Amino acid sequence: MAEVSLEGIVKDYGSYRAIHDVDLDVADGEFVVFVGPSGCGKSTLLRMIAGLEEISGGELTIGGRLVNEVEPRDRDVAMVFQDYALYPHMTIAENIGFGLRMRDWKKADIERKVKESARILQIDSLLERRPAQLSGGQRQRAAMGRAIVREPSVFLFDEPLSNLDAKLRVEMRTQIKRLHAMLGTTTIYVTHDQTEALTLADRVVVLDEGRVVQQGHPLELYERPNCRFVGEFIGSPQMNILDAIVDRTGDQTVLRVGATTVPIADLPLRNGAHVDVGIRPEHIYWAPRENCLLTPTVDVYEPLGSDTMAICDLEGQEITARLDPKVRIKPKQSICLSFDASNLHFFDSQDGSRIEPGLSTSLESSRNRAALD
Ligand SMILES: Nc1ncnc2c1ncn2[C@@H]1O[C@H](COP(=O)(O)OP(=O)(O)O)[C@@H](O)[C@H]1O
Ligand SMILES: [Mg+2]
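Predicted model only: the values in this text are computed from it and were never measured. (Residues numbered from 1 in each chain as written. Chains lettered and ligands numbered in written order. Predicted model: local features only at pLDDT ≥ 70, side-chain atom pairs only at ≥ 80, totals over all residues. Heavy atoms only, no water.)

Caption draft 1: Just the pattern of salt bridges, in detail. Across all of its chains, the model carries 16 salt bridges by this definition. Close ionic contact of glutamate 171 with lysine 167 constitutes a salt bridge, the shortest N to O distance being 3.4 Å. Pair noted here: glutamate 171 and lysine 167 are both in helix α5 (residues 166-183), with a separation of four residues, about one helical turn. With a closest N to O distance of 2.6 Å, aspartate 247 and arginine 256 form a salt bridge. Three or more residues joined by partner-sharing salt bridges are found here, namely Lys11, Arg47 and Glu53. (Salt bridge = Lys/Arg side-chain N within 4 Å of Asp/Glu carboxyl O. Helix = DSSP H or I, 4+ residues; strand = E, 2+ residues; numbered from the N terminus.)

Written as structure tokens, this is what we have:
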């Protein structure tokens, strides 16, 4: 096993800079997920770690060894690709054992290792088949078999589940997590799917346009996104963002969305400034009329059984609420919704950076004050 360290890593394709100065330390045994929209540089970064892409600048070390100039096969890493990359003319056993044959292992040892890996992945009954005779999920397992058989120091996965249907994707996700718990191998996993990232990772690294925008434990990113991009990217359904105006003319600071006003913690913004207010659908709840903070109009509702998604119009802005399924609503109905002020996120309306509210006049403290007065 090994730690992986990136220091000032840069990738240029001609005059186009695909990766900007990435610093990152992956601990021994850690499961790190790179997540971000298509084209943000996830594969480029992973391929540089694998040695499949030349590094334009910076230093890459694996297990304490500088590997910038080391051949892929000598880096002691194994990579699993989205398209499985199995040899069609070989059996599954031959595919899994290929890397060992290339390293001149003895036939009997290869056979033993292939069987052992196949058992772990529950494909031992398929070893004599060819890739074309397997389902997508089975092929994916075979590709993973080829990676684990070599007992590499580091696993690299590039969107390994993207070609599978939704149900299989969830199953394989659990398999990969189990495999990591069992083997404990340092893993770097690339995906554009935030759910996959949150469920698999010890640590999530969010990338945008070739830069790391935030990294942390999945819940840290969910609870405290450091910018609007991360707020909207992490979490499903997506965080609502409302364009609001800060009004500090009265006793308490309020946010105005059209004629709707919401009392808030003080913000380090001038009176009349615009601010992007984030609130997650699951943090909005149905409220009795007297405790209502928002009264939007239902546009579309989606009963999901476990909860009901209400996509509403709030003074010309869209807001989605995840409501209790027992709540009966219909389109065009005006509904009463509420939320806790502590669940609001504030982002600069220009650059999207997070703004921390002041604590002194927060809704909570004014409630507490009212209770004590
Ligand atoms: N071989 C290449 N030549 C030029 N540009 C490339 C090459 N490979 C990738 N890029 C560009 O680098 C950026 C990052 O690509 P990539 O790492 O594949 O993104 P992701 O895997 O996050 O979807 C994209 O803008 C892509 O067009
Ligand atoms: Mg990619």
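Caption draft 2: Here's a closer look at the packing of helix α2 (residues 92-102) against helix α4 (residues 136-148). Running from N to C, α2 and α4 point in directions that differ by 30°, and their axes come no closer than 7 Å. What the angle tells us is that α2 and α4 run roughly parallel. As for how α2 packs across α4, the hand of that crossing is right-handed. When α2 is examined against α4, the residues Ile92, Asn95 and Ile96 are found in contact with a partner set consisting of Ala142, Gly145 and Arg146. Grouping the amino acids of the contact of α2 with α4 by side-chain chemistry returns three nonpolar, two polar and one charged. (Axes fitted to C-alpha atoms, helices over the stretch in contact; angles between N-to-C directions. Parallel < 35°, antiparallel > 145°, perpendicular 65-115°, else oblique. Left-handed = near helix turned anticlockwise from the far one by under 90°. Contact = heavy atoms within 4.5 Å. Nonpolar A, V, L, I, M, F, W, Y, C, P; charged D, E, K, R; others polar.)

Caption draft 3: Geometry of a negative patch on the surface. A surface patch of negative charge is lined by Glu3, Glu7, Asp21, Asp23, Asp25, Asp28 and Glu59. Per-element tally for the negative patch: the top contributor is strand β2 (residues 16-26), with three residues. For glutamate 7, the position within the fold is in strand β1 (residues 4-13). (Patch = residues over 30% accessible without salt bridge, like charges linked within 9 Å, V, L, I, M, F, W, Y side chains within 5 Å. Areas by Shrake-Rupley, 256 points an atom, 1.4 Å probe, with all protein chains shown as cover. Lys, Arg positive; Asp, Glu negative; His and termini not counted. Charge placed at Lys NZ, Arg CZ, Asp CG, Glu CD.)

Caption draft 4: Here's a closer look at α4. Its 13 residues give α4 an end-to-end C-alpha distance of 19 Å, which sits within 8% of 18 Å, the value for a rise of 1.5 Å per residue. With 10 of 13 residues buried, α4 lies mostly within the body of the structure. Turning to α4, its buried residues number three or more, namely Gly137, Gln140, Arg141, Ala142, Ala143, Met144, Gly145, Arg146, Ala147 and Ile148. Tucked into the core, α4 has its buried residues touching β6 (77-80), α2, α3 (107-120), β7 (154-158) and α5. (Expected span 1.5 Å × (residues − 1). Buried < 20%, exposed > 50% of the residue type's maximum accessible area, 1.4 Å probe, protein only.)

Caption draft 5: Focus on the sheet that holds strand β5 (residues 65-66). Taking strand neighbours across the sheet as the criterion, the four strands line up as β2-β1-β4-β5 in an open arrangement whose pairing is antiparallel. If you trace the sheet from one side to the other, it starts and ends with β2 and β5, each paired once. Direction of pairing for β1 relative to strand β4 (residues 57-62): antiparallel, over a ladder of five bridges. Counted as the bridge partner of valine 4 is isoleucine 62 from β4. This element, helix α1 (residues 42-50), spans β1, β2 and β4 of the sheet and lies at about 120° to β1. (Pairing = 2+ DSSP bridges.)

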